[in-house]
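Each chain, written out:
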Amino acid sequence: MNTDSFSTSASTLTSTSAPLRVCVVGCGMMGTIHAQRWNALPDARVVAVVDIKPDRAERLANACGLDRWYTDYREAVGRDDVNVVSVCIPTYLHSEVTVFAAERGKHVLAEKPMALTLDGADAMIEAAARNRVKLGIGFMRPYSPVQEQVRAWLAAGNLGRPLAYHSLDARELRPKREMHDANANGGPVIDMGVHLFDGWARLFDAEPVEVFAAGHKLAAGRPEISHIAEVAIDTATVVVRYASGDTGTFVCSWGLPPGVVPPGGPDIVFGPRGALHLTYSMTHQEARWLREGGMWETIATCDEDMYQAEIASFARCIIEDQPPVAGGAAGRAALHVALAAVESVRTGKSVCLAGDRQLLGQINEACADGLDEEERTLLHYASHAACQLVEGDW
Ligand SMILES: NC(=O)c1ccc[n+]([C@@H]2O[C@H](COP(=O)([O-])OP(=O)(O)OC[C@H]3O[C@@H](n4cnc5c(N)ncnc54)[C@H](O)[C@@H]3O)[C@@H](O)[C@H]2O)c1
């Protein structure tokens, strides 16, 4: 990506007059994407950037027209003028930085996966709720109008029911080695899986009830990752059953030898009335229906930048005091499924998502002084899952 300079929006806002004054934590790929999208908004300016690698921080600072940069997130996030923080660092650090920022009254947009543990996710949700700041999680697909159009189209019964969603993600060994570290980014079941687990809950309009996964560490013996103490599962088949009777299957491998790059394809949703092909790329999303008789029909298409839409939406949610489209509840729910899949690989058994019973108690306790919109959503998820357990209808 060209980071020579980011054009700012046409407005005459300066870094002091902008309503949203953003600190970007992590100046790698996602930090660069966030900074560019924030500066394209009429009511936001990036005022601070930070990375433990000074060259990266300097490069992004230059692109944003800033004359200083930071290598310690506490210093950058703690600046009085910063009121929004984009967290774009390896996943195991999301919770620590988010809590630090929320405790100082800053709104936080944290990249997905939200965290590596449910405790980490809960700490983020609780810190945001306690400090009355917004917490957004960096799922971008919900911001494409295609996802909502497909949800409504499926809900109208166009493909029939039940649905079986299938997604394949096969890649050579990841050049970012922390993607192979169970304690850094967690491997594809967590890192990529959360996009799907969030999307399935939205598209099926239902909670996940059971997860089964089988997995491997194909790349475990490779010299490129021999420095990693605990290598993540890099290859898996994950099956998730939903309360609606629909299923999702995610087949992934990030453990293939360098140069082995199998051709990608669209996600496919199978139903009694055909197959729906779904494509999500940064600036093009589409849904095409292959219907009886072999005819193709385009259901939805969009050529907008999903990351720009995500960041514009989070900015609106702060300015208009609305809940984020993808907040802590959604981030936690997707992480819960991902961690259940990892657990299933470990034990060889399917996992019922019964932990939500415990979550219900925790939320009731944490929010005794009144619930905001996001907390109500979380409560809804938890109580719904708990009711299903009690009724045994799954
Ligand atoms: N939403 C998406 O589509 C998407 C895509 C890719 C990655 N991600 C997520 O974004 C996050 C970052 O991924 P990336 O691809 O940008 O990684 P990256 O390696 O390109 O960038 C991460 C940066 O964080 C810096 N960093 C590490 N520790 C730090 C610390 N303590 N303080 C400040 N900086 C620190 C690193 O030096 C690096 O420059 C991950 O959680 C990843 O899963 C999301």
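In this text the structure is predicted, and so the values were computed from the model without any measurement. (Residues numbered from 1 in each chain as written. Predicted model: local features only at pLDDT ≥ 70, side-chain atom pairs only at ≥ 80, totals over all residues.)

## Side note on the site of the ligand
Taken together, the neighbourhood of the ligand is formed by 25 residues, with Gly26, Gly28, Met29, Met30 and Glu111 sitting nearest. Here the shell around the ligand gathers at least three residues from each of two domains, domain 1 (20–137) and domain 2 (142–304 + 327–394). (Near = placed C-beta within 6 Å. Domains from an automatic or database assignment.)

## Here's the deal with the sheet that holds strand 3 (residues 84–87)
Overall, parallel pairing links the 5 strands, which are arranged 2-1-3-4-5 in an open sheet. Edge positions in the sheet fall to strand 2 (44–50) and strand 5 (135–137), since each has one partner strand and no second. The average angle at which neighbouring strand axes cross in this sheet is 20°, direction not considered. As judged from the 3 bridges shared by strand 4 (residues 107–110) and strand 5, these two strands associate in the parallel manner. Bridging from a neighbouring strand, leucine 109 pairs with glycine 136 of strand 5. (Pairing = 2+ DSSP bridges. Helix = DSSP H or I, 4+ residues; strand = E, 2+ residues; numbered from the N terminus. Axes fitted to C-alpha atoms, helices over the stretch in contact; angles between N-to-C directions.)

## Considerations on helix 6 (residues 145–155)
For helix 6, the full list of buried residues reads Val146, Gln147, Val150 and Leu154. End-on, the buried residues of helix 6 take up no more than an arc of 100°, which puts them together on one face. Residues of helix 6 that are buried in the fold lie against helix 8 (193–204), strand 11 (274–281), strand 12 (284–291) and strand 13 (295–302). In the segment just after helix 6, glycine 157 is the residue with positive phi, at about 85°. (Buried ≥ 20, exposed ≤ 12 C-beta atoms within 10 Å, placed from the backbone. Arc of directions from axis to C-beta. Contact = placed C-beta atoms within 7 Å.)

## Describing unusual backbone geometry
Here the amide bond leading from lysine 112 into proline 113 is cis, since omega sits at -20°, within 30 degrees of zero. As for its position among the elements, proline 113 is in the loop between strand 4 and helix 5 (118–130). Despite not being glycine, aspartate 205 shows a phi value in the positive range, around 55°. If you trace the backbone, aspartate 205 turns up in the loop between helix 8 and strand 7 (208–216). Backbone geometry at aspartate 321 places phi at a positive 50°, although glycine is not the residue there. By the element assignment, aspartate 321 lies in the loop between helix 9 (306–319) and helix 10 (328–347).

## Examining the packing of helix 5 against helix 10
Two elements in contact, helix 5 and helix 10, have axes whose closest approach is 10 Å; the angle formed by their N-to-C orientations is 175°. The orientation of helix 5 relative to helix 10 falls into the category roughly antiparallel. For the pair helix 5 and helix 10, the contacting residues are Leu118, Ala121, Met124, Ile125 and Ala128 in the first and Gly328, Gly331, Arg332, Leu335, His336 and Leu339 in the second. Grouping the amino acids of the contact of helix 5 with helix 10 by side-chain chemistry returns 7 nonpolar, 3 polar and 1 charged. (Parallel < 35°, antiparallel > 145°, perpendicular 65-115°, else oblique. Nonpolar A, V, L, I, M, F, W, Y, C, P; charged D, E, K, R; others polar.)

## A closer look at the sheet that holds strand 6 (residues 164–172)
One open sheet accounts for 9 strands, arranged 13-12-11-10-6-9-8-7-14; its pairing is mixed. Since the sheet does not close on itself, it has two edges, and those belong to strand 13 and strand 14 (351–352), each with one partner. Here strand 8 (residues 235–242) pairs with strand 9 (residues 247–256) via 7 bridges, running antiparallel. Bridge pairing links valine 238 to phenylalanine 250 in strand 9. Across the sheet, helix 10 lies against strand 7, strand 8 and strand 14, angled at about 50° from strand 7, the strand it touches most.

## Structural notes on the environment of methionine 192
Tracing the chain through its elements places methionine 192 in the loop between helix 7 (188–191) and helix 8. Note on methionine 192: 21 C-beta atoms within 10 Å, which makes it buried. Sequence spacing of methionine 192 and proline 113 is 79 residues, and the spatial spacing of their C-alpha atoms is 8.2 Å.

## Overview of the environment of leucine 196
Mapped onto the elements of the fold, leucine 196 is located in helix 8. A count of 24 C-beta atoms within 10 Å places leucine 196 in the buried class. In the structure, leucine 196 is positioned 138 residues away from alanine 334 in sequence and 8.1 Å away in space, judged by C-alpha atoms. When neighbours within four sequence positions are excluded, leucine 196 is seen to be in contact with Ser167, Gly248 and Phe250.

Note that every value here comes from positions in space, so none of it alone points to a role or purpose.
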